[in-house]
Amino acid sequence: MKLCTIDRKVPLDVAVSDMLYSGSTSQELFDLLNKLALKAVIKKLGMTSMKPTNVVINNIDLSEEIAGVLNKKISVTESDVNTVFDAISLAFKKLSDDEKQAPFYGIGFYNCSVLVAIRNSNLVYRIAFEKIDELFERIIEAEIRNLPASLSYKTNSKCLSKPISGLNSIFDVEIGAYVLNKVAGANVSFQTIYERTMGLNFPIETTDTAGQMSLFDTVSEDDKLISSASEVLLSVYVAIRQYSEIISKKLETLLFSIEFPLILTLDNIERNGMYVSREELNSLHKDFSSRLKLLEEEIYEKTGETFLISSPKQLSAVLFDKLGLKHGKKGKTGVYSTSIEVLNSLIDEHPCIRPIIEYRSLSKLDSTYAMGLADKIEEDGRIRTTFTQALTNTGRLSSTEPNLQNIPVRTTEGEKIRNAFVAPEGRVLVDADYSQIELRLLASMSGDEAMISAFNDGVDIHRRTASRIFGVSEDDVTSKMRSAAKTVNFSIVYGGSEFGLSTDLDISFREASNLIKEYGAQFPSINRFLDG
């Protein structure tokens, strides 16, 4: 029986010799390698003497403009509101019609003062943060609507005691680079953003490495100030380049109506914080501690051993050496795995496994939430998290230090933890969420009549999906079917595979494959949209 046959007689228009790589020194290849910072490859291909192609926007050579400004050397001057406003106003009047909407000035922060840089000027203005509100009031009155460029504005502006009034949006080049797929992941340096956006080598020396200070750091304060001012100026040119790409890719609504204004909204949310009841968390910790003590005693009794349950090494020794339960291969530490997957597979093998799983789960809830969140409560009774826009592959926000997005919701313990988040006296909490926003977008963008009809009819979309892919009436859809359909729906949206779906639903690969095929048959326009 043959599984497949390779056709070796397909007619080709080229010979094999035509496919041999003979080397390349093309400017296009060099520009790509340089933009991706593949210095070693550039050297290997003998391209080190080549220079990047100049960046030209609206018939203006930005590469030469940047070089010209930096050759004059950047200087910083202490300024008042009138001086800075006059400089911004004059630069605005000089803009051509093609440049009237693009960024032409930028703001940054240094030791809680504000730095203002203007395109094509080597003079950077330093203004006291107490005066920045007045400056933006003047800018608004003059109807200068160009967004100021900035780098990681939400993080860097936290040195200010309050948000800048009058500033409704900001052209953050970090967010721009993320949306334009120039960078990915956390802690991306400005040098990386600059080089991948501009396709040019970073023209200034950095004064620190990834924010790390050295005991032997000899860089002067003046040099650090000039370096910061230079980055503010360069962020303006990065924003100009990004603006051109945003327009060409028709991303104006996404960035100017959603992502950029959202930066300031998140800044306000972070500054305000979330009120949390310390008393509720302390009460929860006492409850968890007493339950952990009972589970601990139950585990000792059923294993016939007293040991540190939270220690993978000691737990492994008890389960696999003393009790002789089935085990897998040893890990790098030389210990058999006691992961949750391993424990779940042993539930029917020994009565100690269920309490061990419960102990581990409860212990994590106690340390991460009951005690962990209590440690994060500040003097005003609030917890302040950090929201990051430029991190996830799906575009969702991430919450860190602490993470307030992964608090359990479907368990009794999770509900108790959520009860600790309360409104101050005289206020109420409002919980709002889009209803199936991803699927509604998918239905609209794909034009799939079956899914659009389901939303227009106001039915439960997951129940309707289950009815179609399992071939039963909606009245006969079980909770298990609906849950599976919900998983399939979101698996399709985020590009899930048969393997991923089979793991999520704990079904065979063949069953997962059949579900995806049936989904494609029931919602054909969605498949064509995602494939196209």
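The preceding data block contains the structure.
Attention here is on the structure that accompanies the text. All values reported here derive from a predicted model rather than from experimental measurement.

Some details on the packing of helix 21 (residues 509-522) against helix 22 (residues 524-531)
At a minimum axis separation of 4 Å, helix 21 and helix 22 run at an interaxial angle of 105°. Taken together, helix 21 and helix 22 sit at an angle that is classed as roughly perpendicular. Contacts between helix 21 and helix 22 involve Tyr519, Gly520, Ala521 and Gln522 from the first element and Pro524, Ile526 and Asn527 from the second. Along the lines of polarity and charge, the residues of the contact of helix 21 with helix 22 split into four nonpolar, three polar and no charged.

Re a negative patch on the surface
Negative charge collects at one region of the surface, where Asp80, Asp86, Glu134, Glu137 and Glu141 lie side by side. With three residues, helix 5 (residues 132-141) is the largest single contributor of residues to the negative patch. Within the element layout of this structure, aspartate 80 appears in the loop between strand 3 (75-78) and helix 4 (81-94).

Regarding the packing of aromatic side chains
Inspection of the entire model under this criterion finds 13 aromatic pairs. Here the aromatic rings of phenylalanine 190 and phenylalanine 202 are separated by 5.7 Å at their centres, their planes lie at 80°, and the arrangement is edge-to-face. Residue phenylalanine 190 is located in helix 8 (residues 190-198), and its partner phenylalanine 202 is located in the loop between helix 8 and helix 9 (221-248); the two are separated by 12 residues in the primary sequence. Assessed through its relative accessible area of 6%, phenylalanine 190 is described here as buried. Relative to phenylalanine 202, the ring of tyrosine 194 has its centre 5.5 Å away and its plane inclined at 70°; by these criteria the two rings are edge-to-face. Pair check on accessibility: tyrosine 194 and phenylalanine 202 agree, each one buried. Members of the aromatic cluster, joined through ring pairs, are Phe171, Tyr243, Phe256 and Phe260. We note lysine 100 situated over the ring of phenylalanine 92; from NZ or CZ to the ring centre the distance is 4.4 Å.

Section: the environment of threonine 388
Topologically, threonine 388 is positioned in strand 11 (residues 386-388). Taking the relative accessible area as the measure of exposure, threonine 388 reaches 24% and is therefore partly exposed. When the C-alpha atoms of threonine 388 and serine 398 are compared, they prove to be 5.2 Å apart, with 10 residues separating the residues in sequence. Leave out the neighbours within four places in its chain, and threonine 388 touches Arg396, Leu397 and Ser398.

Quick look at the pairing of strand 4 (residues 105-110)
A regular strand carries its side chains on alternate faces of the sheet. For strand 4, the tally of buried residues reaches six of six residues, placing the bulk of the element in the interior. Here strand 4 shows a buried face lined by Tyr105, Ile107 and Phe109 and a second buried face lined by Gly106, Gly108 and Tyr110. In the sheet, strand 4 pairs with strand 5 (residues 113-118) via six bridges, with the strands oriented antiparallel. Directly across from tyrosine 105, in strand 5, lies its bridge partner isoleucine 118. Hairpin geometry of strand 4 and strand 5 is characterised by an intervening segment of two residues between the two adjacent antiparallel strands and by a positive phi of about 50° at asparagine 111.

Some points on the pairing of strand 5
Among the six residues of strand 5, six are classified as buried, and the element is accordingly described as predominantly covered. Burial of the side chains of strand 5 extends over both faces: Ser113, Leu115 and Ala117 are buried on one face and Val114, Val116 and Ile118 on the other. Inspection of the sheet shows strand 5 paired to strand 6 (residues 123-128) by four bridges, in the antiparallel sense. Bridge pairing in strand 6 places valine 116 opposite tyrosine 125. Counting the residues between successive antiparallel strands, the hairpin from strand 5 to strand 6 contains four residues, one of them, asparagine 120, with a positive phi of roughly 65°.

Brief notes about the state of the cysteines
As used in these notes, a disulfide is a covalent bond between sulfur atoms, one from each of two cysteines. Inspection of every chain in the model, using the stated rule, returns zero disulfides. Cysteine 159 takes part in no disulfide bond, and the closest cysteine sulfur, belonging to cysteine 112, lies 3.9 Å away.

A closer look at the pattern of salt bridges
Within the structure shown, the criterion is met by 21 salt bridges. Ionic pairing is found between glutamate 296 and lysine 293, a salt bridge with its closest N-O pair at 3.6 Å. With glutamate 296 and lysine 293 both in helix 11 (residues 278-303) and three residues apart, this pair spans about one turn of that helix. Look at glutamate 296 and you get buried, because its relative accessible area is 19%. A salt bridge links arginine 384 to aspartate 380; the shortest N-O distance between them is 2.6 Å. We classify aspartate 380 as partly exposed; its relative accessible area is 38%. Each of Lys154, Lys158, Asp267, Glu270 and Arg271 takes part in salt bridges that share partners, so that together they form one network.

Here we look at the packing of helix 4 against helix 5
Packed helix pairs are characterised by how far apart their axes lie and by the angle those axes make with each other. With their axes 10 Å apart at the nearest point, helix 4 and helix 5 run at an angle of 35° to one another. Both helix 4 and helix 5 take part in a crossing whose hand is right-handed. Residues Val81, Asn82, Val84, Phe85 and Ile88 of helix 4 form the contact with helix 5, whose participating residues are Glu134, Leu135, Arg138 and Ile139. Classifying every residue of the contact of helix 4 with helix 5 by side-chain character gives six nonpolar, one polar and two charged.

Digging into helix 21
Taking 1.5 Å of rise per residue, 14 residues should cover 20 Å, and helix 21 covers 20 Å from first to last C-alpha, within 8% of that figure. Burial in helix 21 covers these residues: Ala512, Ser513, Leu515, Ile516, Tyr519 and Gly520. Angular distribution of buried residues about the axis of helix 21 spans 160°; they occupy a single face of the element. Turned more than 90 degrees away from the buried face of helix 21, the exposed residues are Arg510, Lys517 and Ala521. The elements touched by buried residues of helix 21 are helix 17 (449-456), helix 18 (461-470), helix 19 (479-493), helix 20 (498-505) and helix 22.

About the criteria used
- Residues numbered from 1 in each chain as written.
- Predicted model: local features only at pLDDT ≥ 70, side-chain atom pairs only at ≥ 80, totals over all residues.
- Heavy atoms only, no water.
- Axes fitted to C-alpha atoms, helices over the stretch in contact; angles between N-to-C directions.
- Helix = DSSP H or I, 4+ residues; strand = E, 2+ residues; numbered from the N terminus.
- Parallel < 35°, antiparallel > 145°, perpendicular 65-115°, else oblique.
- Contact = heavy atoms within 4.5 Å.
- Nonpolar A, V, L, I, M, F, W, Y, C, P; charged D, E, K, R; others polar.
- Patch = residues over 30% accessible without salt bridge, like charges linked within 9 Å, V, L, I, M, F, W, Y side chains within 5 Å.
- Areas by Shrake-Rupley, 256 points an atom, 1.4 Å probe, with all protein chains shown as cover.
- Salt bridge = Lys/Arg side-chain N within 4 Å of Asp/Glu carboxyl O.
- Lys, Arg positive; Asp, Glu negative; His and termini not counted.
- Charge placed at Lys NZ, Arg CZ, Asp CG, Glu CD.
- Phe/Tyr/Trp six-rings, centres within 6.5 Å; stacked < 30°, edge-to-face > 60°.
- Buried < 20%, exposed > 50% of the residue type's maximum accessible area, 1.4 Å probe, protein only.
- Lys NZ or Arg CZ within 6 Å of the ring centre and 35° of its normal.
- Pairing = 2+ DSSP bridges.
- Disulfide = S-S within 2.5 Å.
- Left-handed = near helix turned anticlockwise from the far one by under 90°.
- Expected span 1.5 Å × (residues − 1).
- Arc of directions from axis to C-beta.

By themselves these figures say nothing about function.
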